[in-house]
Amino acid sequence: MVRLPLTPAEVERGQRLGALLRRARGERSMLVTALEAGVSPETLRKIESGRVATPAFPTIAAIADVLGLSLDAVWSEINQSDGGAELARSGRYAGGRLAS
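Residues numbered from 1 in each chain as written. Predicted model: local features only at pLDDT ≥ 70, side-chain atom pairs only at ≥ 80, totals over all residues. Heavy atoms only, no water.

Draft legend 1. Inspection of the side chain of E48 at higher detail. Take E48: it is sitting in helix α3 (residues 41–49). Beyond its immediate sequence surroundings of up to four residues, E48 is in contact with G18, A19, L21, R22, R25 and M30. (Helix = DSSP H or I, 4+ residues; strand = E, 2+ residues; numbered from the N terminus. Contact = heavy atoms within 4.5 Å.)

Rendered as structure tokens:
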């Protein structure tokens, strides 16, 4: 299966997601956070750096839970400048990912 290139809006959302998770993690160890969420530290690092702009929904749900973030707050934060409705209209929500 060929994956379509990310749009600039998707890249920006990924960067906002990474920044949100870094802020929420604060001084907490990346290793401890990742292990508690059941993801690899490398996965968390890539998400926080924006290298994985469209992580799987269960991954974000697990990390958000460990950090005490509601999924509503995460969704609201990452869609602050382009509107969450755009994602639904674009038809690019699929496969259990925030946007792909």
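What follows continues from the structure just given.
Draft legend 2. Spatial organisation of the pattern of salt bridges. A complete count under the given rule lists five salt bridges for this structure. The salt bridge partner of E12 is R16, with a shortest N-O separation of 2.5 Å. Within this pair, E12 and its partner R16 are both found in helix α1 (residues 8–25), separated by four residues, close to a single helical turn. Residue R16 is classed as buried on the basis of its relative accessible area, which comes to 11%. Of the charged contacts, one joins R28 and E36 as a salt bridge, the two residues approaching to 2.4 Å between their closest N and O atoms. Residue classification places R28 among the partly exposed residues on the basis of a relative accessible area of 30%. (Salt bridge = Lys/Arg side-chain N within 4 Å of Asp/Glu carboxyl O. Buried < 20%, exposed > 50% of the residue type's maximum accessible area, 1.4 Å probe, protein only.)

Draft legend 3. Spotlight on the confidence of the model for the protein chain. A residue-level look at the protein chain finds 80% of positions with pLDDT of 70 or above and a mean pLDDT of 84. With pLDDT under 50 throughout, residues 83–100 is counted as low confidence; its partners more than four residues away or in other chains account for 37 contacts. (pLDDT = per-residue confidence, 0-100.)

Draft legend 4. Quick look at the environment of V66. Checked against the element boundaries, V66 lands in helix α4 (residues 57–67). Between the alpha carbons of V66 and L35 there is a distance of 9.7 Å; along the sequence they are 31 residues apart. Setting aside residues no more than four positions away along its own chain, V66 makes contact with R28, T33, E36 and A37.

Draft legend 5. Quick look at the packing of helix α2 (residues 30–37) against α3. Contact geometry for α2 and α3: axes closest at 8 Å, N-to-C directions at 110 degrees. By the angle between their directions, the pair α2 and α3 is classed as roughly perpendicular. Each of M30, L31, T33 and A34 in α2 lies in contact with α3, whose residues at this interface are P41, L44, R45 and E48. Grouping the amino acids of the contact of α2 with α3 by side-chain chemistry returns five nonpolar, one polar and two charged. (Axes fitted to C-alpha atoms, helices over the stretch in contact; angles between N-to-C directions. Parallel < 35°, antiparallel > 145°, perpendicular 65-115°, else oblique. Nonpolar A, V, L, I, M, F, W, Y, C, P; charged D, E, K, R; others polar.)

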